[in-house]
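Here are the chains, one letter per residue:
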Amino acid sequence: MNEVLMKVQDLSKYFTIDTDWRGKPVSVLKAVDEVSLTINKGEAFGLVGESGCGKTTLGKILVNLYSPTSGKIFFEGKELSALNKKQRRSYCKDIQMIFQDPYASLNPRMTVGDIIAEPIIINKLLPMSEVEERVIFLLNCVGLARHQRNRFPHEFSGGQRQRVGIARALAVEPKLIVCDEPVSALDVSIQAQVLNLLDDLKEEFKLTYLFIAHGLGVVKHISDRVGVMYLGKLVEIAPKKELYANPLNPYTQALLSAIPVINSEKKERIILKGDVPSPINPPAGCRFSSRCFKEFGPCKLNAPKLKEVSPGHWVACHLF
Ligand SMILES: Nc1ncnc2c1ncn2[C@@H]1O[C@H](COP(=O)(O)OP(=O)(O)O)[C@@H](O)[C@H]1O
Ligand SMILES: [Mg+2]
């Protein structure tokens, strides 16, 4: 039986875009809208969806950078909003995030050694005399050399900077890491190296990942289960093999058809009409209905709910 590490229940995050003269919201952007999912201990849960669908916002809620508008988060069975100050501090240590842009997320005025040491010192994890040794150990874990600790972020390549970001996240011995498109900003040739590193570290440090990507190609190797998001909503969740072999939601089918194939086997590419609609005024009914190639009767009227159609395979679509 899988042990649940994190459970997210009806989680929403709305941003107020505009207010009237009394300060009352008149325009609200629903970045994350009633998302529910569980992440099991030791798994890599892939979260996929086009840019702007709310992946980073969801990740930031989980690491406590944003507070949700509504909904609940349970970590190791305890609800986040019920935690006292000390428990919340330990929650913040247990869940770390690796960001898409490794340059923007590292302080340019600090040496890489200080960047990695900082969370160890702030959280008082080790006596000061042992911090340097730990920093060197972490640098080695991510494939960097000990002498590089005295350098500044701008002296590193994109891939190396992402390694520094990973070392900093590992420094506090987290249980869950939210990897927010960690290779999207990197050269294709470097992407596989960083993905392999993350895969190895997951085993070595017994980590659990929420792995965010904008396409199904990147998460294929690393994920155990995959969730697909569209305009703030989860539209399908399934074990990886099942999702790639039997995608049910037309949106997942379109995302899947966008992965380039190398062999000669011809694959029909599904080109979606139009752009992603604005999350400020999303389409009525199913949010994907305005672009869906299988849209019929109820789609523009009611929003479909996530249903379990086979063990572990959930889909939100009126076809099921
Ligand atoms: N701080 C914010 N204030 C207002 N709108 C935001 C903010 N952060 C994100 N958004 C909006 O929320 C939506 C989801 O953004 P984001 O979570 O970054 O998507 P993704 O990571 O999937 O590309 C987007 O429409 C974005 O413009
Ligand atoms: Mg993002």
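For the structure given in this document, a descriptive report is provided here. Bear in mind that the values here come from a model prediction, so they are computed numbers and not experimental data.

### Notes on a nonpolar patch on the surface
- A surface patch of nonpolar side chains, amounting to about 310 Å² of accessible area, comprises F296, V309, L319 and F320.
- Among the secondary structure elements, F296 is positioned in the loop between helix 9 (250-257) and strand 11 (307-310).

### Notes on the layout of surface pockets
- In this structure, the largest pocket encloses a volume near 710 Å³.
- Contributing elements (two or more residues each) for the lining of the largest pocket: strand 1 (4-19), strand 2 (25-40), strand 9 (225-230) and strand 10 (233-239).
- Partitioned by chemical class, the residues of the lining of the largest pocket number 15 nonpolar, six polar and seven charged.
- A volume near 530 Å³ is recorded for the second largest pocket.
- What lines the second largest pocket is a set of 20 residues, and nearest its centre among them are C92, Q96, M97, P119 and R168.
- Within the residue set of the lining of the second largest pocket, elements represented by two or more residues are helix 2 (85-94), strand 6 (95-98), helix 3 (112-122) and helix 5 (158-170).

### Focus on empty space enclosed by the protein
- Counted under the stated rule, the structure contains two cavities of 30 Å³ or more.
- As for the largest cavity, its lining consists of 15 residues, of which P250, C286, C292, C299 and C317 are closest to the centre.
- The residue inventory of the lining of the largest cavity, partitioned by class, reads 10 nonpolar, three polar and two charged.
- Approximately 30 Å³ is the volume attributed to the second largest cavity.
- Taken together, E50, S51, G52, C53, M229, Y230, L231, Y251 and V276 make up the full set of residues lining the second largest cavity.

Rules of the game
- Residues numbered from 1 in each chain as written.
- Chains lettered and ligands numbered in written order.
- Predicted model: local features only at pLDDT ≥ 70, side-chain atom pairs only at ≥ 80, totals over all residues.
- Heavy atoms only, no water.
- Patch = residues over 30% accessible without salt bridge, like charges linked within 9 Å, V, L, I, M, F, W, Y side chains within 5 Å.
- Areas by Shrake-Rupley, 256 points an atom, 1.4 Å probe, with all protein chains shown as cover.
- Salt bridge = Lys/Arg side-chain N within 4 Å of Asp/Glu carboxyl O.
- Helix = DSSP H or I, 4+ residues; strand = E, 2+ residues; numbered from the N terminus.
- 1 Å grid on protein atoms, 1.4 Å probe; cavity = no way out; pocket = protein on both sides within 12 Å on 5 of 7 lines; lining within 4 Å.
- Points joined across faces, edges and corners; volume = space filled by probe spheres on them.
- Nonpolar A, V, L, I, M, F, W, Y, C, P; charged D, E, K, R; others polar.

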